[in-house]
Amino acid sequence: LNHQDKKVTYMEQENDWDRDLLLDPAWEKQQRKTFTAWCNSHLRKAGTQIENIEEDFRDGLKLMLLLEVISGERLAKPERGKMRVHKINNVNKALDFIASKGVKLVSIGAEEIVDGNAKMTLGMIWTIILRFAIQDISVEETSAKEGLLLWCQRKTAPYKNVNVQNFHISWKDGLAFNALIHRHRPDLIDYDSLRKDDPVHNLNNAFEVAEKHLDIPKMLDAEDIVNTARPDEKAIMTYVSSFYHAFSGAQKAETAANRICKVLAVNQENEQMMEDYEKLASELLEWIRRTIPWLENRTQEKTVNEMQAKQEDFRDYRCVHKPPKVQEKCQLEISFNTLQTKLRLSNRPAFMPSEGRMVSDINGAWHTLEGAEKGYEEWILSEIRRLERLEHLAEKFHQKAAIHQSWTDGRKPGTGKEAMLTQKDYETSTLSEVKALLRKHEAFESDLAAHQDRVEQIAAIAQELNELDYYDSASVNACCQKICDQWDVLGALTQSRKESLERTEKQLESIDELYLEYAKRAAPFNNWMEGAMEDLQDMFIVHNIEEIQGLITAHEQFKSTLSEANKEREAIQAIQAEVQKIAQSNGIKLSGGNPYTTITPESIDSKWEKAMAMVPQRDAALQEELNKQNSNDSLRATFATQANTVGAYIQAKMEEIGRISIEMNGTLEDQLTSLKDYQKNIMSYMPEINKLEGYHQLIQEALIFDNQYTAYTMEHLRVGWEQLLTTIARTINEVENQILTRDAKGISQEQLYEYRASFNHFDKDHSGALMAEEFKACLISLGYDVENDKQKRSGQMVSDDFRALLISTGNSLGDGEFARIMGIVDPNGSGAVTFQAFIDFMSRETTDTDTADQVIASFKILAGDKNFITAEELRRELPPDQAEYCIARMAPYTGPDGAPGALDYMSFSTALYGESDL
């Protein structure tokens with residue numbers, strides 16, 4: 001007999017029950033009490049109950065209502081009359097409905113029920129209990145009574161003193177009832193405290209707990225069971241079936257709750273990762289936002305020392321403050337990739353960070369930061385050079401201005417050039433004196449012309465200081481303007497005096513030619529000595545060996561002219577000696593000094609001695625600078641050697657990590673271990689980077705701005721080192737994501753090897769991504785067959801190997817289907833497919849995940865098959881934190897069958913999978 005036939009046969013046997021047994025008052029009492037309680041447990045759902053089982057069913061109204069409640073179906077409309085015929089018709093409608101459910105009623109007629117026949121009424125209720133409470137019980141291919149008995153045996157097997165073999169004497173001591181409750185709700189029963197020799201206590205304990213906590217009404221009295229040699233089987237079966245239905249519903253609810261808990265746990269973990277990403281991204285962007293204005297600040301300082309202090313602050317930023325932010329940026333990118341992988345694996349929508357917090361936004365802000373860094377560093381170096389130039393020019397300006405002022409003002413008050421040019425001495429002078437004054441004036445004009453170059457130099461230096469934005473330009477300009485105005489006055493006065501002397505010259509004669517020659521030769525020579533002394537004291541700034549060697553060469557050329565200059569000095573002194581000789585020879589009494597010049601032989605010799613003393617000092621200064629430049633050149637070579645080594649190392653490791661990511665073998669765990677060991681090996685090179693930073697600091701402190709020995713700059717090497725560390729971290733993250741994919745999707749190691757081999761084969765340029773046609777060829781090589789009869793394949797094949805493979809396998813990818821696949825693996829339309837996207841697609845095609853429909857079905861079980869659920873039901877079936885999580889996010893239910901406080905679990909479930917908005 002099949003399963004359904006067994007049910008029918010069992011029903012027929014049970015219907016042919018021994019009615020003589022009902023004559024046993026004890027059994028009839030037990031059945032009456034049990035059946036009444038069972039009926040009331042269902043009738044209370046309709047807001048009514050019965051008191052006397054044979055009296056209250058006589059008019060058929062409550063009988064029909066009972067059948068509607070337990071079946072969930074509507075019966076024919078009852079007749080409301082009070083006559084016997086109305087009652088018989090109502091009972092017949094109920095019996096017809098029972099018969100329509102496949103139940104064969106034996107010897108039970110409507111008249112007997114209407115007449116209040118007790119044993120017939122109890123028989124009818126037993127038939128209803130069998131059909132609606134026991135028949136559908138199924139446990140391991142057994143059903144109805146046998147299924148219920150097997151369920152009891154399985155549930156009570158672990159308990160001592162319990163041996164369920166039937167539905168009568170096996171339940172007399174009450175332990176079996178308590179074992180059933182304890183098995184499903186151990187929190188309600190202290191089973192170890194029960195004694196087999198106290199059956200009344202045991203039975204009352206089980207009945208009271210069931211009524212209070214399980215909503216199972218008390219259907220029997222403990223004394224009736226204990227005081228009966230063989231309790232009524234039907235009463236016991238009815239009572240036990242209530243326990244079965246109560247606990248079977250709880251088991252379904254537990255399974256549904258577990259599924260929901262699992263889904264919510266995944267969602268909560270993902271939300272935490274999203275919050276962490278948002279927090280870290282906000283903090284990093286805030287740091288960048290605060291830092292960029294500092295790097296863009298171009299407030300100029302007045303001195304080199306103040307700018308060097310800014311340079312030290314910038315070096316502290318690069319070495320102390322920025323490296324942790326580089327690590328945060330790398331970790332942020334890794335966290336983002338891991339989160340996206342988890343979301344894909346759990347069939348959740350991709351994570352979209354808040355506006356302005358995308359990885360691309362962070363990379364853009366970081367790029368702006370690095371641009372500001374580069375500009376700031378270049379500005380600092382430029383400012384230092386500018387301030388050095390300004391200090392040199394300012395010193396030179398003040399030196400030349402002081403020399404010029406000394407020349408114009410004279411050594412004593414009243415001896416200045418302006419005073420000299422305004423005197424009227426020629427009006428009372430003799431002819432010889434006037435001629436002398438005229439010659440003296442000619443000498444002064446030569447001197448004035450010689451000083452013209454210095455005045456032009458002073459004006460040029462002032463103009464350059466203004467162009468370089470010298471902070472004290474106002475005082476420089478005032479000084480320069482005073483000199484220029486004074487120079488114009490001197491020019492006008494010189495011309496005026498010359499004209500006066502020339503007018504007087506016609507009246508005067510005879511001037512000593514020797515004095516005149518002396519003056520003419522002494523003045524230029526004196527001016528040359530002043531220029532030479534000025535040059536010997538001139539400050540200099542050089543940046544390389546070639547420049548200092550140029551100065552040394554110029555100085556040597558100057559020294560080579562000293563011999564001729566000394567001859568000129570001796571010739572000038574000889575003129576003065578000749579004057580003295582002639583005066584003595586001719587008895588001429590000289591009234592004073594040379595009337596044509598104030599330059600005495602003593603002053604020439606004094607300046608000559610000072611100039612000769614300055615020559616070795618200049619030699620020493622140039623030699624010191626040469627030694628300094630040699631030292632700087634050594635620093636350049638040391639830095640270049642280390643920079644070339646580090647640069648080659650970084651380049652080699654970048655190429656090596658590219659090959660490693662393609663050629664890795666072994667399990668993913670082995671690959672991950674190898675990559676982490678490789679990362680440790682790379683980090684062990686950090687001392688070499690720090691050594692190079694030390695050399696770079698020495699070069700900057702020495703104000704060295706160029707290096708012909710290497711093409712590398714510290715900035716290039718820093719960027720290369722950071723890129724190397726980031727590339728290794730990304731490669732490790734890719735392998736970790738592959739492990740996540742493999743573990744979550746159940747992909748075997750061999751499948752991953754096959755996917756990686758196929759991907760690398762078609763990645764011809766080793767770029768780590770496949771173009772569209774390469775990706776199509778890779779899918780076909782793996783045996784992925786997508787047909788599209790309505791469209792023809794178009795486009796050029798990637799290679800002859802691909803064309804042969806396609807022909808040999810007979811596979812083809814239709815354009816429409818392939819476009820759909822590309823939309824999955826390349827949602828941004830970049831035209832390239834990464835290995836991670838390729839793995840996600842292949843795993844999605846070969847595995848299954850939870851769906852929104854499954855979650856909706858689970859919520860429906862918890863809701864008792866309603867289209868909505870209440871907060872009370874969620875708190876009863878789910879852990880507290882996840883119940884509150886659902887309550888906070890579920891929208892109110894708006895359907896027509898809703899109730900106060902109803903929540904919409906369907907839209908909530910679809911939102912978990914991105915099919916609608918929460």
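These numbers were taken from a predicted model, which means no experiment stands behind them.

Student: Can you tell me about the overall build of the protein, naming the residues and giving the values?
Tutor: The helix and strand tally for the protein stands at 33 helices and seven strands. With 918 residues in all, the protein has 45% of them scored as buried. Taking the contacts inside the protein whose residues are at least 6 apart along the sequence as the reference set, 74% of them involve residues at least 24 apart. In the structure as shown, the protein presents an accessible area of about 46000 Å², 50% of it carried by carbon and sulfur atoms.

Student: Describe the packing of helix α8 (residues 144-156) against helix α9 (residues 175-184), listing the residues and the values that go with them.
Tutor: Running from N to C, α8 and α9 cross one another at 70°; their axes reach a closest spacing of 9 Å. Judged by the inter-axis angle, α8 sits roughly perpendicular to α9. Between α8 and α9 lies a crossing whose hand is left-handed. When α8 is examined against α9, the residues Trp151, Arg154, Lys155 and Thr156 are found in contact with a partner set consisting of Ala176, Ala179, Leu180, Arg183 and His184. Class assignment of the residues belonging to the contact of α8 with α9 gives a composition of four nonpolar, two polar and three charged.

Student: Give me the lowdown on the sheet that holds strand β6 (residues 891-892), citing residues and values where you can.
Tutor: With antiparallel pairing, three strands are arranged side by side in an open sheet as β5-β7-β6. If you trace the sheet from one side to the other, it starts and ends with β5 (869-870) and β6, each paired once. As judged from the two bridges shared by β5 and strand β7 (residues 902-904), these two strands associate in the antiparallel manner. Note on β7: the bridge partner recorded for Thr870 is Ala902. Against the sheet, helix α33 (residues 905-912) makes contact with β5 and β7, and its axis sits at roughly 30° relative to β7, the strand it touches most.

Student: I'd like to hear about the packing of aromatic side chains, residue by residue, with values.
Tutor: Using the criterion set out here, one finds 31 aromatic pairs in the structure. When the ring of Phe167 is compared with that of Trp171, the centres are 6.3 Å apart and the planes differ by 5°; the resulting orientation is stacked. Considered together, Phe167 and Trp171 belong to a single accessibility category, that of buried residues. Both rings, one in Phe775 and one in Phe841, keep their centres 6.4 Å apart while their planes meet at 70°; by these two values the pair is edge-to-face. In this pair, Phe775 sits in helix α26 (residues 772-781) while Phe841 sits in helix α29 (residues 835-846), placing the two residues 66 residues apart along the sequence. The same class applies to Phe775 as to Phe841, namely buried. An aromatic cluster is present here, built from Phe167, Trp171, Phe177, Phe207, Tyr239, Phe243 and Phe247 joined pairwise through their rings. Over the aromatic face of Phe818 sits the side chain of Lys776, whose NZ or CZ is 4.9 Å from the ring centroid. Positioned above the aromatic ring of Phe868, the side-chain terminus of Lys866 is 5.5 Å from the ring centre.

Student: Kindly report on the confidence of the model for the protein, identifying the contributing residues and their values.
Tutor: Detailed reading of predicted coordinates is not advised where the pLDDT is low. Residue-level pLDDT values for the protein average 81, and 88% of them are 70 or greater. In this model, residues 507-511 is a region of pLDDT below 50 whose contacts with residues beyond four sequence positions or in other chains number 18 contacts. Below a pLDDT of 50 lies the segment residues 786-812, which in the model reaches 42 contacts outside its immediate sequence neighbourhood of four places, other chains included.

Student: I'd love a proper account of the nonpolar core, names of residues and values included.
Tutor: Of all hydrophobic cores here, the largest spans 78 residues; its most connected members are Ile128, Trp171, Phe177, Ile181 and Phe243. The greatest single-element share of this core, amounting to eleven residues, is contributed by helix α7 (residues 118-134). Residues in contact with Ile128, not counting those within four places in the same chain, are Trp38, Leu63, Leu67, Ile70, Ile98 and Ala133. Grouped together as the second largest cluster of nonpolar side chains are 51 residues, Leu390, Ala394, Met420 and Leu493 included.

Student: Could you give an account of unusual backbone geometry, naming the residues involved and the relevant values?
Tutor: With a phi close to 65°, Asn161 is a non-glycine residue in the positive phi region. In this structure, Asp865 is a non-glycine residue whose phi angle is positive, near 70°. Note on placement: Asp865 falls in the loop between α30 (852-862) and β5. Of the residues examined, Asp865 reaches a relative accessible area of 60% and is grouped as exposed.

Student: Got a sec to walk through the environment of Gln549? Specific residues and values, please.
Tutor: Considering the arrangement of structural elements, one finds Gln549 in helix α19 (residues 545-560). On the accessibility criterion, Gln549 (40% relative accessible area) is partly exposed. Counting along the chain gives 73 residues from Gln549 to Leu622, while the straight-line C-alpha distance between them is 8.6 Å.

Student: Please give an account of the side chain of Gln340 that cites residues and values.
Tutor: Along the polypeptide, Gln340 turns up in helix α13 (residues 304-345). On the accessibility criterion, Gln340 (11% relative accessible area) is buried. A distance of 2.9 Å separates a polar side-chain atom of Gln340 from the backbone nitrogen of Phe351. Excluding residues that lie within four positions of it along the chain, Gln340 makes contacts with Ala350 and Phe351.

Student: Got a sec to walk through the UniProt feature "coiled-coil region" (unreviewed entry) in the protein? Specific residues and values, please.
Tutor: Annotation from UniProt places "coiled-coil region" (unreviewed entry) at residues 263-290 and 434-468. A distance of 41 Å separates the end C-alpha atoms of residues 263-290, which is 100% helix and 0% strand. Between the C-alpha atoms that bound residues 434-468 the distance is 50 Å, and the span itself is 97% helix and 0% strand.

Student: Account for the pattern of salt bridges, with residues named and values stated.
Tutor: Enumeration according to the criterion identifies 48 salt bridges in this entry. Note that Lys498 is salt-bridged to Glu445, the shortest N-O span being 3.8 Å. A residue pair is termed long-range when its members are at least 10 positions apart, and Lys498 in helix α17 (residues 473-505) and Glu445 in helix α16 (residues 431-467) qualify at 53 residues. Glu445 gets classed as partly exposed once you look at its relative accessible area, which sits at 22%. Taken together, the shared-partner salt bridges in this structure form one network comprising Arg318, Lys322, Glu370, Glu373, Glu377, Glu693, Glu715 and Arg718.

Student: Any chance you could break down helix α23 (residues 686-701) for me, citing the residues and the numbers?
Tutor: In a regular helix each residue adds 1.5 Å, so 16 residues correspond to 22 Å; α23 covers 23 Å between its end C-alpha atoms and thus fits that length. Within α23, burial applies to Ile689, Leu692, Glu693, His696, Ile699 and Gln700. Along α23, the residues classed as buried sweep out an arc of 120° about the axis, all on the same side. Note on α23: the residue one or two positions beyond its end, Leu703, has a positive phi of about 60°.

Student: Pulling in residues and values, what's your account of the state of the cysteines?
Tutor: Using the criterion set out here, one finds zero disulfides in the structure. The thiol of Cys479 is unpaired, and the distance to the nearest cysteine sulfur, on Cys480, comes to 7.4 Å. Cys479 sits in the partly exposed class, given a relative accessible area of 26%. For the unlinked cysteine Cys480, the closest cysteine sulfur is that of Cys484, found at 4.1 Å.

Student: How would you summarise the side chain of Asn202 if you had to cite specific residues and measurements?
Tutor: On the secondary structure map, Asn202 appears in helix α10 (residues 199-213). Classification of Asn202 by relative accessible area gives buried; the value is 0%. Reaching out from Asn202, the side chain makes a polar contact with the backbone oxygen of Arg195 at a distance of 2.7 Å. Beyond its immediate sequence surroundings of up to four residues, Asn202 is in contact with Asp173, Gly174, Leu175, Asn178, Leu194, Arg195 and Lys196.

Student: Account for the packing of helix α4 (residues 61-71) against helix α5 (residues 84-100), with residues named and values stated.
Tutor: Across the interface, α4 lies against α5 with an axial gap of 8 Å and an inter-helix angle of 25°. Here α5 runs roughly parallel to α4, going by the angle between their axes. Where α4 crosses over α5, the handedness of that crossing is left-handed. On α5, the residues touching Leu61, Leu63, Met64, Leu67 and Ser71 of α4 are Asn90, Val91, Lys93, Ala94, Phe97 and Ile98.

Student: How would you sum up the environment of Leu438? Please name residues and give values.
Tutor: With respect to the helices and strands, Leu438 occurs in helix α16. Here the alpha-carbon distance between Leu438 and Leu501, two residues 63 residues apart in the chain, equals 5.7 Å.

Parameters and conventions
- Residues numbered from 1 in each chain as written.
- Predicted model: local features only at pLDDT ≥ 70, side-chain atom pairs only at ≥ 80, totals over all residues.
- Heavy atoms only, no water.
- Helix = DSSP H or I, 4+ residues; strand = E, 2+ residues; numbered from the N terminus.
- Buried < 20%, exposed > 50% of the residue type's maximum accessible area, 1.4 Å probe, protein only.
- Contact = heavy atoms within 4.5 Å.
- Areas by Shrake-Rupley, 256 points an atom, 1.4 Å probe, with all protein chains shown as cover.
- Axes fitted to C-alpha atoms, helices over the stretch in contact; angles between N-to-C directions.
- Parallel < 35°, antiparallel > 145°, perpendicular 65-115°, else oblique.
- Left-handed = near helix turned anticlockwise from the far one by under 90°.
- Nonpolar A, V, L, I, M, F, W, Y, C, P; charged D, E, K, R; others polar.
- Pairing = 2+ DSSP bridges.
- Phe/Tyr/Trp six-rings, centres within 6.5 Å; stacked < 30°, edge-to-face > 60°.
- Lys NZ or Arg CZ within 6 Å of the ring centre and 35° of its normal.
- pLDDT = per-residue confidence, 0-100.
- Core = buried A, V, L, I, M, F, W, Y, C linked by side-chain atoms within 4.5 Å.
- Polar contact = N/O pair within 3.5 Å; in protein donor to acceptor, adjacent residues only side chain to side chain.
- UniProt positions renumbered as here; feature names shortened; annotations may be inferred.
- Salt bridge = Lys/Arg side-chain N within 4 Å of Asp/Glu carboxyl O.
- Expected span 1.5 Å × (residues − 1).
- Arc of directions from axis to C-beta.
- Disulfide = S-S within 2.5 Å.

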